Amino acid sequence: MKINGEVKTGLGKGSFFISQEFYSNEFRKNLGFVPYPGTLNVVVSDEYLDEINEIKDNCQNIIKPDEGFGAVKYIEAVLNDEVNGAIVFPAKTVHDVNYLEFIAEIGLRDELGIEDGDIVSFEF
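The paragraphs below set out a description of the structure included in this document. Predicted, not measured: the structure shown is a model, and the values here were computed from it. (Residues numbered from 1 in each chain as written. Predicted model: local features only at pLDDT ≥ 70, side-chain atom pairs only at ≥ 80, totals over all residues. Heavy atoms only, no water.)

1. Focus: the overall build of the protein chain
A tally of regular secondary structure across the protein chain gives 4 helices and 7 strands. From first element to last, N terminus to C terminus, the protein chain shows the α and β order β-α-α-β-α-β-β-β-β-α-β. Reported as C-alpha extents along the three principal axes, the dimensions of the protein chain are approximately 35 × 30 × 25 Å. The buried share of the protein chain, taken over its 124 residues, is 40%. Across the protein chain, every contact between residues at least 6 apart in sequence was considered, and the portion connecting residues at least 24 apart equals 63%. Carbon together with sulfur atoms contributes 42% to the accessible area of the protein chain, which is approximately 7000 Å² in total. (Helix = DSSP H or I, 4+ residues; strand = E, 2+ residues; numbered from the N terminus. Buried < 20%, exposed > 50% of the residue type's maximum accessible area, 1.4 Å probe, protein only. Contact = heavy atoms within 4.5 Å. Areas by Shrake-Rupley, 256 points an atom, 1.4 Å probe, with all protein chains shown as cover.)

This is the structure we're talking about:
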């Protein structure tokens, strides 16, 4: 599946959670990299929501962390046909359902020059 979306600034909470040792260790073990501390937030069109919700609901990749933190489902994805990473679906989130959060080994905004309002694509 390939979808497009618009980059938006998040709340800044992704860096705290991604930096937690139990999350980063599991991502390294399962995805082969330690994520850059933060997520790239992308708003997708409502036309994709049924498919995304089905993928999320059926996703078997899950990190169940220490007490006090929420579980995170994830699927491997490629950003703009060039950066391997994963879309994460935190159990505890304040984002609307059309927000996707992408993690990668690099700081995507700096490395790729991505800014708010840019259109990016995901393939998964």
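2. Details of the packing of aromatic side chains
In this structure the tally under the stated criterion is 8 aromatic pairs. A ring pair is formed by Phe16 and Phe17, whose centres lie 5.1 Å apart and whose planes are at 80°; its orientation type is edge-to-face. Through pairs of rings, three or more aromatic residues link up here, namely Phe16, Phe17, Phe22, Tyr23 and Phe69. (Phe/Tyr/Trp six-rings, centres within 6.5 Å; stacked < 30°, edge-to-face > 60°.)

3. Examining the nonpolar core
Within soluble globular proteins, side chains that are nonpolar tend to cluster in buried spots. Ranked by size, the top nonpolar core spans 21 residues in total, and within it Leu40, Leu79, Ile87, Leu100, Phe102, Leu108 and Phe122 carry the most contacts. Listing elements by their share of this core, those giving two or more residues are β1 (2–8), β2 (40–44), β4 (72–79), β5 (83–90), β6 (99–104) and β7 (119–123). Sequence-distant contacts of Leu40, that is, excluding residues within four places in its chain, are made with Val7, Leu79, Leu100, Glu101, Phe102, Leu108, Arg109 and Ile114. Grouped together as the second largest cluster of nonpolar side chains are 12 residues, Phe22, Ile63, Val88 and Ile103 included. (Core = buried A, V, L, I, M, F, W, Y, C linked by side-chain atoms within 4.5 Å.)

4. Examining the environment of Phe16
For Phe16, the position within the fold is in helix α1 (residues 14–18). Distance from Phe16 to Pro37, taken between C-alpha atoms, is 7.1 Å for residues 21 residues apart in sequence.

5. Here's the deal with a negative patch on the surface
A cluster of like negative charges, contributed by Asp46, Glu47, Asp50, Glu51, Glu54 and Asp57, occupies part of the molecular surface. One can find Glu51 in helix α3 (residues 49–58). (Patch = residues over 30% accessible without salt bridge, like charges linked within 9 Å, V, L, I, M, F, W, Y side chains within 5 Å. Salt bridge = Lys/Arg side-chain N within 4 Å of Asp/Glu carboxyl O. Lys, Arg positive; Asp, Glu negative; His and termini not counted. Charge placed at Lys NZ, Arg CZ, Asp CG, Glu CD.)

6. A look at the pairing of β4
Bridge count between strand β3 (residues 62–63) and β4: 2 bridges; the pairing is antiparallel. Across the sheet, the residue bridging to Ile63 is Val72, located in β4. As defined by bridge partners, β4 adjoins β5 across 8 bridges and the pair is classed as antiparallel. By the bridge assignment for β5, Ala77 is matched with Gly85. If you look at the hairpin formed by β4 and β5, you'll find 3 residues sitting between the two strands, and Asn80 has a positive phi there, around 50°. The pairing of β4 with β7 spans 2 bridges and is antiparallel. Across the sheet, Leu79 pairs through a bridge with Phe122, a residue of β7. (Pairing = 2+ DSSP bridges.)

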